[in-house]
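# Descriptive structure summary
For reference, the chains in residue letters:
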Amino acid sequence: MKKYFLGIDLGSTTSKAIIIDDNDRIIGRGITNTRANYTVATEIARLEAIYNARFSLLKMKLEDEIESKPEYKRYIKDVESIFQYLQFKRRLDRLNVQFRDTIDSTFSGEKKDKISGFVDRIVKEIGPAVLNEYLTGNLGQKNQFFRDIISEKYNKDVNALPKDYFEPTMLVYDKSISHVENELTEYDFRDLVYQAMELLNDKYSGMDDSSPEETGVGFDSELNLLKGNYKHIYDSLKEHISFVANLDIHITNMVGTGYGRALLPFPEKSIRSEILCHAFGAHAVFPNTRTVLDIGGQDTKAIQVDSHGLVTSFYMNDRCAAGCGRYLGYIADEFSISLNELGPLAMEATNEVNICSTCTVFAAAEIRELLNVGQKRSDILAGLHRAIVMRAMSLLARSGGVRNEFTFTGGVARNQAVLKYVSDLVLQNYGKDITINVHTDSIFMGALGGAMFARRGA
Amino acid sequence: MSKEVAKERSMIIQKEMITRQFKELSMAGETGKKVVYTFVPGNISELILSFDMLPVYPEINALQSGMRKKSGGYIRDAEQHGHSEDVCTYVKCDVGMMLSGNIGPTGEKIPKPDLLLLSYTGCFTFMKWFETLERLYPGVPVAMLHTPYQEAHKITPEMTAYMVKQLKEEVIPKMEKVSGNKYDEEKLKSILRNSSKVEDYIVKIFDTTKHRPSPIDAYFAGVYYIGPINSGFRGTPQAVDYYAELYKEILERIDNKLGPITPEGVMEEERFRLVVEGPPNWTHFREFWKLFYDMGAVIVASSYTKVGGVYDMGFRVNPDKPLESLAEYCMNCYTNLNLQQRVDLLSKCITDYHADGFLVNSIKSCNSFSAGQLMIMQKLERKLEIPIGFIESDLVDPRYFSYSNIKNRLESFFQMLEQRKMMNIQS
């Protein structure tokens, strides 16, 4: 039986899971932003990583076919997207039940009926809109959390309601979302993946006679190949999909890390510090790394590693949160935008504003002041991004600076503006020859390090 | 387990010594003995004793207040009195204690100073501290003893002459005036003869950490061991007896292959050997210590136990040259060493005592220790390729001790050491 290894990183903001095989290859990723207890968070991330692993194994199994037949690749990608949609849909249904409960226990009479009507309408719109995004867009690839997807659409719809109903309708959302987010929903992979295939059949059959212009998704050669051929692909893939769906993904060993690690039901030897895990993960992906900067939700770490990926020293911020991901979360709240929109908006800056506040909370007052004097939002945001990176740079300097290859990890590494300032300042301070690494899986580095320790410890 | 600790004879002796000392202080009004306030680094206690005066050490009172959970209130009182948040918390704790009636660790009142002996070694705050005390005790004479910094890595004859001159022209005349006694060089010499014996013991005691397991913890227990030598007993027969007894106990532990004694009993398994730089946190001393002994970490050397004098590089007082000896003693204190000398000293400790890691406890309100710590860390890391850890706390301000942050850092640090050990075994 093949051996697999699991790494769980219970961070302050998100919980991550990574599954690797015995060649240290990543085959499954799972992530959740649930604020429930860490046991639930671990399970959600672990199950997601296992679902993801089944798809990875399917792709690995069909590597040759995918290589020669692009329509296979496309089909599998579509199945995965719809699979994700079905998970989303299950949770949306659950959220709808929760909405009813909240409305029943909070409102009465005419107000209740009215709000109930609004919420009904919103939910009815969200389902198909999201399905469409999964089918035609790339929502599946965006790694958005359930909360983010819902809140974007819910907020938009609520803003269009009569003013008097804004507050109560938002209250329904605020009171309901955490319940659903914090619940562990188990899915039967097989059922869901078959359902996804049936839905795909509907999609492709509907496209049979339409010309590319009419599909609304633009011309797509893979899709074109699929259209007339989907029944055949369906028949030939079904067997493989059944195979991976039934496959026993046996986790031989696991290691937990992150702030919640002490609460994991793992034996002591299976609990590792996140410092070691981040360093080990980053070093595995970029073996020449000697300095790792990790900006997570509630801490920033500057880590120096040796040629084996062993930590020689580390430095963390202790007394202040300005310089961590949470700072950005706070700023996003201040600007009433989502975390994902921060970076792109900051990148639009034409004239970066100088932010001097060294404190997260005081920065908000400074923002108001700057907005009052007419500074552009994008320019202020650029200044804020620079401020957080300056803090990280100070930490980096105190830890001994950048000696050789530099790797940037953690959830914040996904933010384009942060990445830009980190790169600029590292090159400026430590020489333009420094190699800077950032990986699309940067947020998973801690979990990856954990999984790798698990493999070595087995 | 505290019972078992109390059984150690040396600990009982130390407790009795301190009780008697504070009793004597509280009776100063009746006995007419004069009281000198002075600092631990570069404390010329032998000279004070030779005039038959009683020394008081505000830093030690502050740390005692920290351990007795009184410092938080004292600091608040001092801040209310106008001291900023960033002032050294030893100072604020001491000022707060004075404002609250100057009750010492044994519950007895500490008398007012008759002389403020400002032995200045490496810490600028000392000057401001005694300026504050001068205002709190109007009219009290101040004797300033300036210790030149070892900028050029060594003590020159001119530096010694400069200090002896200060002793002769500033310190001794003021002591004569305050005490009413004439300077008695023979008496000083005889006191210094005991000091020299005590210094020998101190070196031997702290050198026992080269054994495996180390029979003592040179930081958490070390701060108790340096108690008598730094709080007015250096040069007394009691100190010689105390250290003879302590050394005997430690030798017995070595014979029995016993590890250090912690508040919860003898440490069973020595897993990590550390050298620590920086003072400990006093407000959560037990919790802080527990974080180490629970992990099987023993401190084999610490810079903090050298603040009251550095003897392991060969310095001893020479009773035949009493004033020169006092001068050199002051110039040899840890905080008076330049940063390269500190690196060399720590490097020697790491090598001699086979440390697995080097840890810095950075103190929020102590500039004199914190300055240069990052440089020291980096130099040691590069020179010895030793894993380095860094934690932050404070001397006696309980607001700055974050148990979970420190625990988190230490867990990572110990895992780093463990990982490295595994690698070394494999290779």
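Computed from a predicted structure; not experimentally measured. (Residues numbered from 1 in each chain as written. Chains lettered and ligands numbered in written order. Predicted model: local features only at pLDDT ≥ 70, side-chain atom pairs only at ≥ 80, totals over all residues.)

This part is about the overall build of chain A. Secondary structure summary: chain A contains 17 helices and nine strands in total. Referenced to the eigenvectors of the C-alpha coordinate spread, the extents of chain A come out at roughly 60 × 60 × 45 Å. When burial is assessed residue by residue, chain A has 41% of its 458 residues classed as buried. Taking the contacts inside chain A whose residues are at least 6 apart along the sequence as the reference set, 74% of them involve residues at least 24 apart. (Helix = DSSP H or I, 4+ residues; strand = E, 2+ residues; numbered from the N terminus. Buried ≥ 20, exposed ≤ 12 C-beta atoms within 10 Å, placed from the backbone. Contact = placed C-beta atoms within 7 Å.)

Now for the overall build of chain B. Tallying secondary structure elements over chain B gives 19 helices and ten strands in all. Relative to the 2.2 N^0.38 estimate, which gives 22 Å for 427 residues, the radius of gyration of chain B is 21 Å and therefore close to what a compact globule would have. Oriented by its inertia axes, the alpha-carbon framework of chain B measures out at about 70 × 50 × 45 Å. Across the 427 residues of chain B, 51% fall into the buried class. (Rg over C-alpha atoms; globule rule 2.2 N^0.38 Å.)

What follows is about the nonpolar core. One broad rule of soluble globular proteins: the nonpolar side chains tend to lie buried together. One finds Ile-18, Ile-19 and Ala-451 of chain A together with Val-275 of chain B to be the most contacted residues of the largest nonpolar core, which totals 247 residues. Among all residues touching Ala-451 of chain A, those that are not within four sequence positions of it are Phe-5, Leu-6, Gly-7, Ile-18, Ile-19, Ile-20 and Val-255 of chain A. (Core = buried A, V, L, I, M, F, W, Y, C linked by C-beta atoms within 7 Å.)

Quick look at helix H5 (residues 146-159) of chain A now. Residues and elements named next belong to chain A. Its 14 residues give H5 an end-to-end C-alpha distance of 20 Å, which sits within 8% of 20 Å, the value for a rise of 1.5 Å per residue. If you check which residues of H5 are buried, you get Ile-149, Ile-150, Tyr-154 and Val-158. Across the axial projection of H5, the buried residues extend over an arc of 140°, all falling on one side. Facing away from the buried side of H5, by more than 90 degrees, are the exposed residues Lys-156 and Asn-159. Against helix H3 (70-106), helix H4 (109-136) and helix H6 (166-181) lie the buried residues of H5. (Expected span 1.5 Å × (residues − 1). Arc of directions from axis to C-beta.)

To continue, consider the interface of chain A and chain B. On the chain B side, the residues contacting the 15 residues of chain A number 17 residues. Contributions of two or more residues to the side of chain A that touches chain B are made by helix H11 (274-285) and strand E7 (311-316) of chain A. If you tally residues by element for the side of chain A that touches chain B, the top one is E7 of chain A, at six residues. For the side of chain A that touches chain B, the class distribution of residues is seven nonpolar, five polar and three charged. (Nonpolar A, V, L, I, M, F, W, Y, C, P; charged D, E, K, R; others polar.)

Quick look at the sheet that holds strand E1 (residues 35-38) of chain B now. Residue and element names in this part refer to chain B. Here four strands make up an open sheet; going across it, the order is E2-E1-E3-E4 and the pairing parallel. On the outer flanks of this sheet lie strand E2 (54-56) and strand E4 (142-146), each paired with one strand and no other. Strand-to-strand, the axes of this sheet are offset by a mean angle of 25°, without reference to chain direction. When strand E3 (residues 115-120) meets E4, the two strands line up parallel, connected through five bridges. When the bridges of E4 are listed, Tyr-120 appears paired with His-146. The strands touched by helix H8 (residues 125-136) within the sheet are E1, E3 and E4, with E3 carrying the most contacts at an inclination of about 170°. (Pairing = 2+ DSSP bridges. Axes fitted to C-alpha atoms, helices over the stretch in contact; angles between N-to-C directions.)

Residue and element names in this part refer to chain A. Here we have four strands laid out as an open sheet, ordered E3-E2-E1-E4, and mixed in their pairing. Lying at the two open borders of the sheet, with one neighbouring strand each, are strand E3 (26-32) and strand E4 (251-258). Going from strand to strand, the sheet's axes swing by 15° on average, the running direction of each strand aside. Of the strand pairs in this sheet, strand E1 (residues 4-10) and E4 are connected by seven bridges, and their pairing is parallel. Bridge pairing in E4 places Asp-9 opposite Thr-257.

One frequently used descriptor of interface size is the decrease in accessible area upon assembly of the parts. Residues and elements named next belong to chain B. By the assigned domains, chain B splits into domain 1 (2-186) and domain 2 (192-426). Once you take the C-alpha centre of each, domain 1 and domain 2 turn out to be 23 Å apart. With 55 residues of domain 1 in contact, the opposing surface of domain 2 contributes 47 residues. Of all elements in the fold, only helix H1 (2-7), helix H2 (9-26), helix H4 (45-50), helix H5 (58-67), helix H6 (71-80), helix H7 (89-99) and helix H9 (157-179) reach the threshold of two or more residues within the side of domain 1 that touches domain 2. Looking at side-chain class alone, the side of domain 1 that touches domain 2 contains 27 nonpolar, 20 polar and eight charged residues. (Domains from an automatic or database assignment.)

Glancing now at the packing of H9 of chain B against helix H15 (residues 322-331) of chain B. Residues and elements named next belong to chain B. Contact pair H9 / H15: the axes reach a minimum separation of 9 Å and the direction vectors enclose 115°. Between H9 and H15, the interaxial angle falls into the category roughly perpendicular. Of the two possible hands of crossing, H9 and H15 adopt the one that is right-handed. From H9, Met-159, Thr-160, Met-163, Val-164 and Leu-167 reach across to H15, where they touch Leu-323, Glu-324, Leu-326, Ala-327, Glu-328, Cys-330 and Met-331. Its residues assigned to classes, the contact of H9 with H15 shows nine nonpolar, one polar and two charged. (Parallel < 35°, antiparallel > 145°, perpendicular 65-115°, else oblique. Left-handed = near helix turned anticlockwise from the far one by under 90°.)

The peptide bond linking Arg-212 of chain B to Pro-213 of chain B adopts the cis configuration, its omega dihedral lying at -5°. One non-glycine residue, Asp-24 of chain A, adopts positive backbone phi at about 65°. For Asp-24 of chain A, the location among the structural elements is in the loop between strand E2 (15-21) and E3. A positive phi angle is found at His-354 of chain B, which is not glycine, with a value near 50°. Tracing the chain through its elements places His-354 of chain B in the loop between helix H16 (339-352) and strand E9 (357-363).

Moving on, we get to the pairing of E3 of chain A. Residues and elements named next belong to chain A. Among the seven residues in E3, seven count as buried, and that is most of the element. Pairing geometry for E2 and E3, over six bridges, is antiparallel. Residue pairing across strands places Ile-18 opposite Arg-29, the latter belonging to E3. The loop that links E2 with its antiparallel partner E3 comprises four residues; one of these, Asp-24, has a positive phi angle of about 65°.

To continue, consider the environment of Val-292 of chain A. Residues and elements named next belong to chain A. Relative to the assigned elements, Val-292 resides in strand E5 (residues 289-295). Residue Val-292 is classed as buried on the basis of its 31 C-beta neighbours within 10 Å. Taking the C-alpha atoms as reference, Val-292 lies 9.9 Å from Ile-436; in sequence the two are 144 residues apart.

With that settled, the discussion passes to the environment of Ile-75 of chain B. All names here are of chain B. The topology assignment puts Ile-75 in helix H6. Taking the number of C-beta atoms within 10 Å as the measure of exposure, Ile-75 has 31 and is therefore buried. In this structure, the C-alpha to C-alpha distance between Ile-75 and Met-97, residues 22 residues apart in sequence, is 8.5 Å. The contact partners of Ile-75, leaving out residues within four places of it in the chain, are Thr-89, Lys-92, Cys-93, Gly-96 and Asp-397.

Before going further, it helps to spend a moment on the confidence of the model for chain B. Detail in the predicted coordinates should be disregarded across regions flagged by low pLDDT. Overall, the prediction assigns chain B a mean pLDDT of 93, with 98% of residues at 70 or greater. Two summary scores accompany this predicted model of the complex, namely pTM at 0.85 and ipTM at 0.77. (pLDDT = per-residue confidence, 0-100.)

Right, let's talk about helix H18 (residues 373-384) of chain B for a bit. The terminal C-alpha atoms of H18 of chain B, which comprises twelve residues, lie 16 Å apart, in line with the 16 Å expected from a rise of 1.5 Å per residue. Considered for burial, the residues of H18 of chain B that qualify are Gln-373, Ile-376, Met-377 and Leu-380 of chain B. Along the axis of H18 of chain B, the buried residues cluster in a sector spanning 100°; they form a single face. At its buried positions, H18 of chain B is contacted by E7 of chain A together with strand E7 (272-277), H16, E9, helix H17 (367-370) and strand E10 (388-393) of chain B. One or two residues past the end of H18 of chain B sits Glu-385 of chain B, with phi positive at roughly 50°.

Our focus in this paragraph is the confidence of the model for chain A. All names here are of chain A. On average, residues of chain A carry a pLDDT of 86, and 92% of them reach 70 or more. Across chain A, E2 holds the top mean pLDDT of 96, while helix H8 (residues 212-215) sits lowest at 45. Considering only residues more than four positions removed or in separate chains, one finds that residues 210-219, a stretch of pLDDT under 50, has five contacts.

Once that is clear, we can look at the environment of Pro-58 of chain B. By secondary structure assignment, the location of Pro-58 of chain B is in helix H5. When near neighbours in sequence (up to four residues on either side) are disregarded, Pro-58 of chain B contacts Tyr-37 and Asp-94 of chain B.

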